[in-house]
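A look at the structure
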Amino acid sequence: MKFLDQAKVFIRSGDGGAGSVSFRREKYIEFGGPDGGDGGRGGDVWIEAVEGLNTLIDYRYQQHFKARTGGHGMGRNRTGAKGTDVVMKVPVGTQVYEEDNETLICDLTAVGQRYRLAAGGNGGFGNQHFKSSTNRAPRRANPGLPGEERWIWLRLKLIADAGLAGLPNAGKSTFLATVSAAKPKIADYPFTTLHPNLGVVRVDAREFVLADIPGLIEGAHMGVGVGDRFLGHVERTRVLLHLVSAQEEDAAAAYRTVRGELQAYGRGLTEKPEIVALSQADLLDEEARAEKLAALQEAAGKQPFLLSSVTGEGVQDVLRALMRVVEEARQEDAAENETVDERWRK
């Protein structure tokens, strides 16, 4: 299945049904009076976050969503039926923007969240509403109100606890494949991942979700390479794992390149907790390891981990460090939610 994280779609809610002009005609009732029913309300357009989806690929093949028109009113005070709603099902983490692709409409971060994007038009009044003491037989009814229509953008930002950052071929996909059941493409020649991958990592009977995004190169924020458009998928993460390949001649420069791109992208990525690791360490001897670790520590300002996804060296240490940060963030979120609940009870 192809990965698609952005789509532009057209939505239109249903028009309201027209009111009816009708008069009661019954044997032995001389003055029946008006009995025209109201028109039904037009259908709404909803968006809902559901389980089992992780891409917006469905919206590449269908870009127009239109709700049904409400039923017209009828005699005997019969109201028209409400138009059928349209429900757009999207993955958790989907954001909806106006046509300018900048104004946020809603952000669906939990399964079952719904938002009405376009309300259906009200149905028109039947002639029974226009009866008065001076107009006993009104012969007018209202048409239904038109529905709403507009173009919107859907933008997916994956929900993950931890994100992988680094240059291409830093060993991110290999690490993800080693610690989870994810199956990203891995080969013995240089290339970069072209779309994000998610994996569930289990460590010490606890789990968290890890996201691997395409590698960054210098100038990514200006569109060089695959650019920085996939960085949105790590905006929601609680911690970043920054991998620097042991094959880099200058590990410190490689680290600073990625940090520079994160800084240029902004949106709080450089403020997230960061764990730094020298990956593919099995390719180095002891002397080279010590030299590159020292250079990386000076650049990062913290002690980096030594990691080899092939031999398993340092993998559990890195996972436990990630798990600690994720657990702390979860506890803070739980405490914050309890505080909010207490305020509501008061």
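Preceding this paragraph is the structure being described.
Let me begin by describing the structure that accompanies this report. (Residues numbered from 1 in each chain as written. Predicted model: local features only at pLDDT ≥ 70, side-chain atom pairs only at ≥ 80, totals over all residues. Heavy atoms only, no water.)

Across four bridges, strand E5 (residues 94–97) lies against strand E6 (residues 104–108) in antiparallel orientation. Along E6, the bridge assignment pairs Tyr97 with Leu104. Hairpin connection between E5 and E6: a loop of six residues separates the two successive antiparallel strands, and Asn101 in this loop has a positive phi of roughly 65 degrees. (Pairing = 2+ DSSP bridges. Helix = DSSP H or I, 4+ residues; strand = E, 2+ residues; numbered from the N terminus.)

Membership of the largest hydrophobic core comes to 26 residues, with the highest contact counts inside it found for Ile11, Ile47, Tyr59, Met88 and Leu154. Grouped together as the second largest cluster of nonpolar side chains are 24 residues, Leu176, Ile275, Val315 and Leu319 included. (Core = buried A, V, L, I, M, F, W, Y, C linked by side-chain atoms within 4.5 Å. Buried < 20%, exposed > 50% of the residue type's maximum accessible area, 1.4 Å probe, protein only.)

This paragraph deals with the sheet that holds strand E10 (residues 197–203). Spatially, the six strands line up as an open sheet ordered E10-E11-E9-E12-E13-E14, and their pairing is mixed. Both outer strands of the open sheet, E10 and strand E14 (305–306), are each paired with one neighbouring strand and no more. Taken together, the seven bridges between E10 and strand E11 (residues 206–212) define a ladder with antiparallel strand orientation. Pairing of Arg202 across the sheet is with Glu207, part of E11. On top of the sheet, helix H2 (residues 172–179) reaches strand E9 (162–165), E10, E11 and strand E12 (239–245); it is set at about 155 degrees to E11, its chief contact. (Contact = heavy atoms within 4.5 Å. Axes fitted to C-alpha atoms, helices over the stretch in contact; angles between N-to-C directions.)

Counting across every chain of the model gives two aromatic pairs. Ring geometry for Tyr59 against Phe65: centres 5.5 Å apart, planes inclined by 50 degrees, an arrangement best described as tilted. Accessibility classification places Tyr59 together with Phe65 in one group, the buried group. Over the face of the ring belonging to Trp46 we find Arg114, whose NZ or CZ atom lies 4.6 Å from the ring centre. Arg155 extends its terminal NZ or CZ atom over the ring of Tyr97, reaching a point 4.1 Å from the ring centre. (Phe/Tyr/Trp six-rings, centres within 6.5 Å; stacked < 30°, edge-to-face > 60°. Lys NZ or Arg CZ within 6 Å of the ring centre and 35° of its normal.)

Time to look at a negative patch on the surface. Judged by side-chain charge, Asp285, Glu286, Glu287 and Glu291 come together as a negatively charged surface patch. Position of Glu291 among the secondary structure elements: in helix H4 (residues 286–300). (Patch = residues over 30% accessible without salt bridge, like charges linked within 9 Å, V, L, I, M, F, W, Y side chains within 5 Å. Areas by Shrake-Rupley, 256 points an atom, 1.4 Å probe, with all protein chains shown as cover. Salt bridge = Lys/Arg side-chain N within 4 Å of Asp/Glu carboxyl O. Lys, Arg positive; Asp, Glu negative; His and termini not counted. Charge placed at Lys NZ, Arg CZ, Asp CG, Glu CD.)

Right, let's talk about the sheet that holds E6 for a bit. Within a sheet, neighbouring strands are paired by backbone hydrogen bonds and run either parallel or antiparallel to one another. Strand order across the open sheet formed by five strands is E3-E1-E8-E5-E6, with mixed pairing between neighbours. In this open sheet, the two edge strands, each paired with only one partner strand, are strand E3 (64–66) and E6. Put simply, the sheet's adjacent strands are angled 25 degrees from each other on average, direction ignored.

Here we come to the environment of Leu278. Structurally, the position occupied by Leu278 is in strand E13 (residues 274–279). Classification of Leu278 by relative accessible area gives buried; the value is 0%. A sequence separation of 32 residues divides Leu278 from Ala246, and the C-alpha atoms of the two residues are 6.0 Å apart. For Leu278, the residues in contact, after removing those within four places along its chain, are Val244, Ser245, Ala246, Leu284, Lys292, Leu293, Leu296, Phe305, Leu306 and Leu307.

Right, let's talk about the packing of helix H3 (residues 251–265) against H4 for a bit. Relative orientation of the contacting elements H3 and H4 amounts to 30 degrees, with a least axis distance of 8 Å. In this structure, the crossing between H3 and H4 has a hand that is right-handed. Judged by residue contacts, Ala251, Ala252, Tyr255 and Arg256 of H3 engage Lys292, Ala295, Leu296, Ala299 and Ala300 from H4. Of the residues assigned to the contact of H3 with H4, the class counts are seven nonpolar, no polar and two charged. (Left-handed = near helix turned anticlockwise from the far one by under 90°. Nonpolar A, V, L, I, M, F, W, Y, C, P; charged D, E, K, R; others polar.)

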